[in-house]
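Below, each chain spelled out in residue letters.
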Amino acid sequence: MNELGRIAMTHWERWRPAELRQIPDPKAHFTQLGARAQAQVVSLTEEMLRREPPKTDYLAEVSRRSTAEATAREMVLADLLEMPPRGETKGGQDPTEGLIDPSGMPTDQAHPLWADLEDETVSPNEFQKRRAAWVDSLQTL
């Protein structure tokens with residue numbers, strides 16, 4: 001289990017113990033969850049790094065990469081730890097199924113969040129807020 005999986009499992013142990021007890025194999029669940037979360041961090045980091053050209057100064061480039069990774073990690077952890085469990089419809093299906101890709105972005109490439117990702121005037125923090133608001137809006141479906 002990677003670090004993100006351990007963080008999520010610890011969070012559930014403390015804040016969602018009843019739900020944790022319903023998972024047949026918590027170690028396998030959080031191992032898979034951690035792997036998916038890490039893949040999202042990598043994907044989001046790459047997207048952020050594509051938005052601007054590499055720096056010629058070594059330390060500036062290290063800083064750019066570190067900031068992108070830290071921002072992506074923060075976004076993924078915010079989804080893992082702070083969002084309420086996804087609601088289910090009467091049919092037992094997650095209403096957000098098919099709307100969010102593995103990186104946490106809309107599956108619809110025409111969605112405004114994709115333009116925000118490329119827009120240099122949108123800060124990573126503002127992007128995170130817009131993305132969180134979009135995900136929250138899906139919870140009411």
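- For the protein chain, the name recorded in an unreviewed UniProt entry is TnpV protein, with Janibacter indicus as its organism.

**A word on the overall build of the protein chain**
- In terms of helices and strands, the protein chain carries 6 helices and 0 strands.
- Reading the protein chain from its N terminus to its C terminus gives the helix and strand order α-α-α-α-α-α.
- Split into buried and exposed, the 141 residues of the protein chain put 36% on the buried side.
- Taking as baseline every contact in the protein chain between residues at least 6 positions apart, the subset at least 24 positions apart corresponds to 59%.
- For the protein chain, the accessible area works out to roughly 8800 Å², and carbon and sulfur atoms hold 54% of it.

**Observations regarding the packing of aromatic side chains**
- This model, assessed by the stated rule, comprises 1 aromatic pair.
- Both rings, one in W12 and one in F30, keep their centres 5.6 Å apart while their planes meet at 75°; by these two values the pair is edge-to-face. Of the two residues, W12 is situated in helix α1 (residues 3-15) and F30 in helix α3 (residues 26-50); the sequence distance between them amounts to 18 residues. One exposure class covers both W12 and F30, and it is buried.

**Quick look at the packing of α1 against α3**
- The N-to-C vectors of α1 and α3 enclose an angle of 125°; their axes lie 7 Å apart at closest approach. Overall, the two elements α1 and α3 adopt an arrangement that is oblique. The interaxial crossing formed by α1 with α3 has right-handed handedness. Every residue of α3 that contacts α1 at L4, G5, A8, M9 and W12 is listed here: P26, F30, L33, G34, A37, Q38 and V41.

**Comments concerning the side chain of Q128**
- Tracing the chain through its elements places Q128 in helix α6 (residues 124-138).
- With residues up to four places along the chain from it excluded, the contact list for Q128 reads E74, M75 and A78.

**Examining the nonpolar core**
- Of all hydrophobic cores here, the largest spans 29 residues; its most connected members are F30 and F127.
- Elements with a contribution of two residues or more to this core: α1, α3, α4 (58-82), α5 (112-118) and α6.
- The greatest single-element share of this core, amounting to 7 residues, is contributed by α3.
- When residues of this core are assigned to domains, at least three map to each of domain 1 (3-81) and domain 2 (100-139).
- In contact with F127, other than residues within four places in its own chain, are M75, M105, L113, D116, L117 and V122.

**Remarks on a nonpolar patch on the surface**
- A cluster of nonpolar side chains, namely Y58, L59 and V62, defines an oily patch on the protein surface of about 350 Å² accessible area.
- Position of V62 among the secondary structure elements: in helix α4.
- Of the residues examined, V62 reaches a relative accessible area of 35% and is grouped as partly exposed.

**Points about the environment of R50**
- As for its position among the elements, R50 is in helix α3.
- R50 gets classed as exposed once you look at its relative accessible area, which sits at 53%.

The rules we used
Residues numbered from 1 in each chain as written. Predicted model: local features only at pLDDT ≥ 70, side-chain atom pairs only at ≥ 80, totals over all residues. Heavy atoms only, no water. Helix = DSSP H or I, 4+ residues; strand = E, 2+ residues; numbered from the N terminus. Buried < 20%, exposed > 50% of the residue type's maximum accessible area, 1.4 Å probe, protein only. Contact = heavy atoms within 4.5 Å. Areas by Shrake-Rupley, 256 points an atom, 1.4 Å probe, with all protein chains shown as cover. Phe/Tyr/Trp six-rings, centres within 6.5 Å; stacked < 30°, edge-to-face > 60°. Axes fitted to C-alpha atoms, helices over the stretch in contact; angles between N-to-C directions. Parallel < 35°, antiparallel > 145°, perpendicular 65-115°, else oblique. Left-handed = near helix turned anticlockwise from the far one by under 90°. Core = buried A, V, L, I, M, F, W, Y, C linked by side-chain atoms within 4.5 Å. Domains from an automatic or database assignment. Patch = residues over 30% accessible without salt bridge, like charges linked within 9 Å, V, L, I, M, F, W, Y side chains within 5 Å. Salt bridge = Lys/Arg side-chain N within 4 Å of Asp/Glu carboxyl O.

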